[in-house]
Amino acid sequence: VKSHICTFGRKQSPSHIRSRLEEIAKRLRSYFGVPRRKTKLPEPLDLLVATVLSQNTNDLNSHKAFLNLKKAYPNLSDIKKTHPRKVETLIKVGGIARRKSRVIIQIVREVEMKIGKFNRRALNKINRDELIDKLCSMKGVGYKTASCVLLFSLGDNDAFPVDTHVHRILNRIGVVSEKAPDKTFLTVRTHIPPGSGYELHINLIKFGREICTARNPRCYGCRLFDICEWKGKGAQLSVAQKVKNRKKVDFVLLEKV
Ligand code: SF4
């Protein structure tokens, strides 16, 4: 099976990672511009639950599931006493509802026990690494979800969630050579150009959906072609040329919470 990303195991130097990330941020800005944040940031618990709902499903369906849940429970901390089946019914449209309903109820209970007040003011007083560790100690919460809370809800522009798109692209280009998104996160987290976590994350997601897709990436005309180390990029030139009228995908779920 041909790998969709680069050869693993090659350790990149911190200066290589930093300079590549800066270059990628600059070039993606020329594709997509600088994404604007909403003026009102989502509440941390809303964002946490929405991120869990987004796991292994598409953004539109998980957004519907989130809206159903919010309609029934405007204050999501109220679901801690709810029967999982009720939550399961509300989020069914998002898929894997049985497991997610239990995970969400458990998380809502645990944030109170492990972190206490789960509002922006209280969370901003906790050291970032400590907060990530506390969030990741909960079942169903990993580095990506924890970083999403920091980035989208706390407005921390140094946070940098690594999902499958971000992982795939950074490995194809050769910024890092890691096997899993969590490993990529741990390798790049301290090398993100200061204050550009939001811009880089959003633009990489758009790039991964529209251009550097998992299958048949549009290497032809890609503005990162010359710095990309992916061995398959040459073979993709003829394939990518045939891809026309690709639908622009600009719905980023966590921007809508
Ligand atoms: S050249 Fe192809 S594989 Fe490399 S970043 Fe561009 S689209 Fe992705």
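Scroll up to find the structure this text is about.
All figures in this text were calculated on a predicted structure; none of them were measured in a lab. Residue numbers here run from 1 along each chain, matching the order of that chain's written sequence. Since the coordinates come from a predicted model, pLDDT governs what is reported: local features require at least 70, and pairs of side-chain atoms require 80 or more to be given and counted, while whole-chain, interface and lining totals use all residues. By convention in this description, side-chain values take in all heavy atoms of the structure and omit both hydrogens and water.

### As for the overall build of the chain
Consideration 1: In terms of helices and strands, the chain carries 12 helices and zero strands.
Consideration 2: We count a stretch as a helix when DSSP gives it H or I for four or more residues in a row; a strand needs E for two or more, and each element gets its number in order from the N terminus. In the chain, the succession of helices and strands from N to C terminus is α-α-α-α-α-α-α-α-α-α-α-α.
Consideration 3: Classification of residues uses two cut-offs on accessible area relative to the type maximum, computed with a 1.4 Å probe and protein chains only: under 20% is buried, over 50% is exposed, and between them is partly exposed. Counting every position in the chain, which comprises 257 residues, the buried fraction comes to 50%.
Consideration 4: Here a residue-residue contact requires only that any non-hydrogen atoms of the pair lie within 4.5 Å. Taking as baseline every contact in the chain between residues at least 6 positions apart, the subset at least 24 positions apart corresponds to 70%.
Consideration 5: To measure how exposed things are, a 1.4 Å probe is used in the Shrake-Rupley method; for residues, cover is taken only from the protein chains shown. Of the roughly 12,900 Å² of accessible surface on the chain, a fraction of 52% belongs to carbon and sulfur atoms.

### A few points about the site of the ligand
Consideration 1: Lining the immediate surroundings of the ligand are R172, I173, F207, C212, P217, C219, C222, F225, C228 and W230.
Consideration 2: Residues that form the shell around the ligand fall into these classes: nine nonpolar, no polar and one charged. We call a residue near a molecule or strand as soon as one heavy atom of that residue lies within 4 Å of the molecule or strand. Gly is put with the polar residues, along with every residue not named as nonpolar or charged; the nonpolar set is Ala, Val, Leu, Ile, Met, Phe, Trp, Tyr, Cys and Pro, and the charged set is Asp, Glu, Lys and Arg.

### Some thoughts on the environment of K38
Consideration 1: Of note, K38 is situated in the loop between α1 (14-32) and α2 (44-54).
Consideration 2: Expressed as a C-alpha distance, the spacing of K38 and K256, which sit 218 residues apart in the sequence, is 8.9 Å.

### Here we look at α2
Consideration 1: Summarising burial for α2: 11 of the 11 residues are buried, a large majority.
Consideration 2: For α2, the set of buried residues is P44, L45, D46, L47, L48, V49, A50, T51, V52, L53 and S54.
Consideration 3: Tucked inside the fold, the buried residues of α2 contact α3 (59-72), α5 (97-114), α6 (120-123), α7 (128-136) and α8 (143-153).
Consideration 4: A positive phi of about 55 degrees marks N56, the residue just after α2.

### Comments concerning the packing of aromatic side chains
One pair of aromatic rings is described through two measures. These are the centre distance and the angle between the planes.
Consideration 1: Pairing of aromatic rings covers Phe, Tyr and Trp, the last through its six-membered ring, and needs centres within 6.5 Å; plane angles under 30 degrees mean stacked, over 60 mean edge-to-face, and all others mean tilted. According to the stated counting rule, one finds four aromatic pairs in the structure shown.
Consideration 2: On the numbers, 4.9 Å between centres and 25 degrees between planes, the contact of Y143 with F185 is stacked. Of this pair, Y143 sits in helix α8 while F185 is found in helix α10 (residues 181-188), placing the two residues 42 residues apart along the sequence.
Consideration 3: F185 gets classed as buried once you look at its relative accessible area, which sits at 3%.
Consideration 4: Linked through ring pairs, Y31, F32 and F207 together constitute an aromatic cluster.

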